[in-house]
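Next come the chains, spelled out residue by residue.
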Amino acid sequence: MLTLLKLLQSLFQTLHSEGTPGQVAAGIVLGAGIGLTPLLSAHNLVLFAAIVLLNVSFGGGMLGLALFTPVGFVLDPVFDRIGVALLDAPGLRTLWTDWYNLPLVPYTNFNNSVTLGSFVVWLASTVPLYFLAKWAIARYRASYGQKVMNSKFMKGLKASKAYNVYSWFRPQ
Amino acid sequence: MSDRRFRIFRWRAVGPLLLFLLILVVLWVLFADRIARREAASNLSETLGTEVDIASLRIREADAAVDIGGLAIADPRDRMRNLIEAGTITVDLDPVPLTEKKIVIDQLRLSGLRFLTGRKTPARPADPNSPAGKLLRETEQWVQDKFQFPKLALGRIDTVKSLVLNPEQLGTVKAAKTLLGTVDSTRDAFEQGLAALELKSLVDSSTALANQLAKTDPKTLGLTGVRNSVTSVQKAIDRIKQAKGSLQTLEQTAKSSLGELQKGLQDVNAARLKDYAFARGLLQLPSLDAPDIGASLFGQQSTDYFQQALYYAKIVQRYVPPGLQPWNRPGPKRTRLAGTTVEFPKEKEYPRFLLRQGDIDLALGSAAQNTFKASFAGITSQPALLGRPATLVARGRVGGDSPVSIDLSAMSRHFGSSPRDSLVARVAGVSLPAIPFPGLPFSVSPGKSTLGFGFSLAGDRLTGMWEISSDQVAWKADSARLQGASLVESTVWRVISGLSELQVRAELGGTIDKPTLKVRSNLDDAIATRLQGLVGEELVKAEQKARAAVDQLVSQQVAALDTKVNELQSQALARLPVERGQLDGAQQQLEAQLKRLAGAATGGLKLPKL
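Quantities reported herein were computed from a predicted structural model and do not represent experimental measurements.

Draft legend 1. Quick peek at the overall build of chain A. Within chain A one finds 8 helices and 0 strands. Helices and strands in chain A line up, N terminus first, as α-α-α-α-α-α-α-α. In chain A, which comprises 172 residues, the proportion classed as buried is 47%. Considering only contacts within chain A whose residues lie at least 6 apart along the sequence, 77% involve residues at least 24 apart. When the accessible surface of chain A is summed, it comes to about 8600 Å², and 74% of that surface belongs to carbon and sulfur atoms.

Take a look at the structure:
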């Protein structure tokens, strides 16, 4: 229940944050990267650091993570097939062999079919996902944003301590 | 307005990010050892197909070393026993390959090693679907499929027992039916082949031509007539030569088919011998041949040892692939789909796992009593990168009052043209556990013995040996069962219980598909002689009865088949020379006419003198 509340809190705060729709969409795209790919891989540390350090919406990142984690589970068999096809491709063998023997790169688990497949799918979907999210947020703010902002729920949410912590990562 | 300027970085979030990293470091310090211990135990369990326990594991980051305590590897075939226990293991890692997620161990020290110790709690059975679980089942099935030993545990030899055989059970009947079909088809093929040559019409037309020309004076034919006649004769001779060639081919084919039929007859006879054995088995007669007795007593024990050796050799083959091709293995266990993890080895790079050098201390006796040294080296997941075999050498003496001397060497060579895993061991002065005799109410405790074992798997080829030698054996009988034992069983007991010496040697050979096993012991001849004296006559009667039961069902068929094959052979081989003779006769007649025509054609010409 608490997780659900936090998710809702994050969702509303993100949608109404002072960040531009582009910043929120960029956060969602980065968060989707963490959500779609298996968590314990080094590239996710890089993605998380990017969400924190880059001037994108942190809430957007968390929203992307929350939305795309279940999608990742569902699409795992597809990722596996894509990953196996890529790892078995004779034309790419030299590339994989070089990467496999480089420092740090193997910690990304790129040589795992699910990790590679999901990462490639995420990479391919970043641009369309960014524009889709940007359009959706702009549309939401124009149509429902003000009403939700003035609701009692939202006022209560903004008054909570969690909001203060969140504001550290608010886009500038 | 400057506040509204877009900035790429959010510098004030550096603090929280560093805090997050600090939390990760703290979590690492708190839980890394525990997680690593659990993962190591889990991975080793999965690889070896048995429970592996690790009591403690400590990562010393500053020294790039790991201390492991209380390692116990359970016996996959006996859940209440550990195969190996190690007191402490110190692992010195090479830190550079760790950056490539590769484990290279510079030095491994293993002390307090014990073998075959009891467990307080039963080990968890291997996951039957794991690779190791499947290999265990495969090798157990291999033993069941490939080795059957004659039984010595028998009831009384009953020559009166009725023996009713079903013809469908007999291999001879099936083989005879199959061969009968082959005989018929061979005869048909031969007849058709001969008919297709149309030899009779050829001989008739050729003879008629020769006769016609014989009655004709060539001078009356004129030059054109002679030329036409010569052409006709030459064509007829060509046809005869062609027919003779075809006849020769047919003869070769027939001889080859007849050879196959003779081989088929031999197969029928071999099936008959098997049927005798089958019928003999129904009468439950013991085999009194010395080699069979060795196999009866120690065959099971031998295959037990060799099966274990094959299981571990197969595990090594599975996890240590030869060559430098990408290697697929299951991905890590996690909530998400595991997928497939592919390794991409590369020349002059580190392998995924390498143990450069390891030393072992045993836990028996004090240091002063031990002259034992053991070491292993070159153990790697990609031997082709290392270019030398993995080796294990252990030699020396342990213990004071009753020393055990050990001489062991093992090698795993998984690069080059043919992978090979081998082990040779000799242990003297070791107390061995009791060896039960399958189905018999007694067992032998070899006492202090000398044990030799060798095993090698090279590609598909197997070589193995185990031998035991002891002069302090003790025989144990289940007295209740022994009282109701059969004549054979009680005779065997009387023979062996008076012996104090035991010498057994088993030799494994052949391939995995067609293995061979020879087992000999010093008990064989003694038991065989005694049993033959006691029950030999009865046994001969029973053997005759078994043979008669088979013969009654198959003799007629086999005799008829034999006659049919021989008839076909004699008819076919007798007919071909006749046909050839007729062709030769016709050819000779035509050649005579050709000569006459040629003489007539050149009769008016004066040929130049040479």
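Draft legend 2. Broad picture of the overall build of chain B. Summing up its helical and strand segments, chain B has 11 helices and 18 strands in all. Of all 610 residues assigned to chain B, the portion counted as buried reaches 40%. The long-range fraction of contacts in chain B, counting pairs at least 24 apart against all pairs at least 6 apart in sequence, stands at 67%. A total accessible area of about 33200 Å² is found for chain B, and carbon and sulfur atoms account for 55% of it.

Draft legend 3. Region of interest: the packing of aromatic side chains. By the definition in use, this model includes 18 aromatic pairs over all chains. Seen from their ring centres, A:F48 and B:F20 are 4.6 Å apart, and the 45° between their planes marks the pair as tilted. Of the two residues, A:F48 sits in helix α3 (residues 42–53) while B:F20 sits in helix α1 (residues 14–48), which places them in two different chains. Ring centres of B:Y305 and B:W466 lie 4.9 Å apart, and the angle between their planes is 70°; this geometry places the pair in the edge-to-face category. Taken as a pair, B:Y305 in helix α7 (residues 290–319) and B:W466 in strand β15 (residues 461–470) lie far apart in primary sequence, 161 residues in all. By relative accessible area, which is 25% here, B:Y305 ends up partly exposed. Members of the aromatic cluster, each reached through a chain of ring pairs, are B:F298, B:F437, B:F442, B:W475 and B:W493. In this structure, B:R318 is placed above the aromatic ring of B:Y319, and the distance from its NZ or CZ to the ring centre is 5.6 Å.

Draft legend 4. Spotlight on the interface of chain A and chain B. Listed by partner, the interface residues are 48 residues for chain A and 38 residues for chain B. Both sides together, the interface formed by chain A and chain B hides about 3500 Å², and carbon and sulfur atoms give 55% of it. The tally of links between chain A and chain B comes to 2 salt bridges. Between B:K346 and A:D98 there is a salt bridge, with the nearest N and O atoms lying 2.8 Å from each other. Elements represented by at least two residues in the side of chain A that touches chain B include exactly α2 (21–36), α3, α4 (58–88), α5 (93–100), α6 (113–149) and α8 (161–168) of chain A. Looking at the side of chain A that touches chain B residue by residue, the classes come out as 27 nonpolar, 15 polar and 6 charged.

Draft legend 5. Region of the structure containing the sheet that holds strand β12 (residues 435–436) of chain B. Residues and elements named next belong to chain B. Read across the open sheet, the 3 strands follow the order β12-β13-β16; overall the sheet is antiparallel. At either end of the open sheet lies a strand with only one pairing partner, and these are β12 and β16 (474–477). Packing against the sheet, helix α10 (residues 487–497) makes contact with β13 (442–445) and β16, and its axis sits at approximately 155° to β16.

Draft legend 6. Structural context of unusual backbone geometry. Residue and element names in this part refer to chain B. Unlike most non-glycine residues, K101 shows phi in positive territory, near 60°. Locating K101 in the fold gives a position in the loop between α2 (95–98) and β4 (103–118). When its relative accessible area of 38% is taken as the criterion, K101 is described as partly exposed. For K348, which is not glycine, the phi dihedral falls at a positive 65°.

Draft legend 7. Inspection of the packing of α3(A) against α4(A) at higher detail. All names here are of chain A. It is at 8 Å that the axes of α3 and α4 come closest, and there the two elements cross at 145°. Once α3 is placed against α4, the crossing between them reads as right-handed. Residues F48, I51 and V52 of α3 form the contact with α4, whose own contacting residues are F58, G61 and M62. Counted by class, the contact of α3 with α4 contains 5 nonpolar, 1 polar and no charged residues.

Draft legend 8. Summary view of the environment of B:T121. Residue and element names in this part refer to chain B. Note on placement: T121 falls in the loop between β4 and α3 (131–146). When the C-alpha atoms of T121 and R79 are compared, they prove to be 8.3 Å apart, with 42 residues separating the residues in sequence. Apart from residues lying up to four places away in sequence, T121 is in contact with R79 and M80.

Draft legend 9. Structural context of the side chain of A:D76. Locating A:D76 in the fold gives a position in helix α4. Of the polar contacts made by the side chain of A:D76, one reaches the side chain of B:R336; its length is 2.8 Å. Aside from chain neighbours lying at most four places away, what touches A:D76 is A:V114, B:R336 and B:L337.

Draft legend 10. Summary view of the nonpolar core. All names here are of chain B. In this structure, F298, F437, F455, I496 and I527 are the most contacted members of the largest nonpolar core, which totals 43 residues. At the level of secondary structure, the elements contributing two or more residues to this core comprise α3, α7, β13, β14 (447–458), β15, α10, β17 (502–510) and α11 (523–602). Apart from residues no more than four positions distant in its own chain, F437 is found in contact with L297, F298, F442, S443, V444, W475 and I496. In terms of nonpolar packing, the next biggest core, distinct from the first, is built from 31 residues, A32, I68, F376 and A394 among them.

Draft legend 11. Layout of the side chain of B:Q307. Residue and element names in this part refer to chain B. Inspection of the secondary structure assignment puts Q307 in helix α7. At a separation of 3.1 Å, a polar atom in the side chain of Q307 contacts the side chain of T139. With residues up to four places along the chain from it excluded, the contact list for Q307 reads R77, L136, T139, E140 and V143.

Draft legend 12. Main features of the environment of B:T340. Its location among the elements puts B:T340 in strand β6 (residues 340–343). Along the chain, B:T340 and B:P330 lie 10 residues apart, while their C-alpha atoms are 4.7 Å from each other. Residues in contact with B:T340, not counting those within four places in the same chain, are A:D80, A:V84, A:L87, A:N111, A:N112, A:S113, B:N328, B:R329 and B:G331.

Draft legend 13. Fine view of α10(B). Buried residues dominate α10(B), accounting for 8 of its 11 residues. Residues of α10(B) that are buried include every one of B:V488, B:E489, B:S490, B:T491, B:V492, B:W493, B:V495 and B:I496, and no others.

Draft legend 14. A look at the pairing of β13(B). Residue and element names in this part refer to chain B. Here β13 shows two buried faces, one formed by F442 and V444 and the other by S443 and S445. The pairing of β12 with β13 spans 2 bridges and is antiparallel. Following the sheet pairing, I435 is matched in β13 by V444. Where β12 folds back on β13, the antiparallel hairpin that results is connected by 5 residues, among which G439 adopts a positive phi of roughly 80°.

Draft legend 15. Here's a closer look at a nonpolar patch on the surface. Taken together, the side chains of A:L45, B:L18, B:L19, B:L21, B:L22, B:I23, B:L24, B:V26, B:L27, B:L30, B:F31 and B:I35 present a nonpolar region at the surface, about 1100 Å² in accessible area. Broken down by element, the nonpolar patch gets its largest block of residues, 11 residues, from α1(B). Inspection of the secondary structure assignment puts B:L18 in helix α1.

Draft legend 16. Fine view of the confidence of the model for chain B. All names here are of chain B. On average, residues of chain B score 84 in pLDDT, and 92% of them are at 70 or above. Mean pLDDT across the elements of chain B ranges from a minimum in helix α9 (residues 479–483), with 78, to a maximum in β15, with 94. A low-confidence stretch, residues 605–610 stays under pLDDT 50, and its non-local contacts, those more than four residues away or across chains, total 0 contacts. In the predicted complex, the global pTM is 0.65; the interface-specific ipTM is 0.79.

About the cut-offs
Residues numbered from 1 in each chain as written. Chains lettered and ligands numbered in written order. Predicted model: local features only at pLDDT ≥ 70, side-chain atom pairs only at ≥ 80, totals over all residues. Heavy atoms only, no water. Helix = DSSP H or I, 4+ residues; strand = E, 2+ residues; numbered from the N terminus. Buried < 20%, exposed > 50% of the residue type's maximum accessible area, 1.4 Å probe, protein only. Contact = heavy atoms within 4.5 Å. Areas by Shrake-Rupley, 256 points an atom, 1.4 Å probe, with all protein chains shown as cover. Phe/Tyr/Trp six-rings, centres within 6.5 Å; stacked < 30°, edge-to-face > 60°. Lys NZ or Arg CZ within 6 Å of the ring centre and 35° of its normal. Buried area = accessible area lost by both parts, 1.4 Å probe. Salt bridge = Lys/Arg side-chain N within 4 Å of Asp/Glu carboxyl O. Nonpolar A, V, L, I, M, F, W, Y, C, P; charged D, E, K, R; others polar. Pairing = 2+ DSSP bridges. Axes fitted to C-alpha atoms, helices over the stretch in contact; angles between N-to-C directions. Left-handed = near helix turned anticlockwise from the far one by under 90°. Polar contact = N/O pair within 3.5 Å; in protein donor to acceptor, adjacent residues only side chain to side chain. Core = buried A, V, L, I, M, F, W, Y, C linked by side-chain atoms within 4.5 Å. Patch = residues over 30% accessible without salt bridge, like charges linked within 9 Å, V, L, I, M, F, W, Y side chains within 5 Å. pLDDT = per-residue confidence, 0-100.

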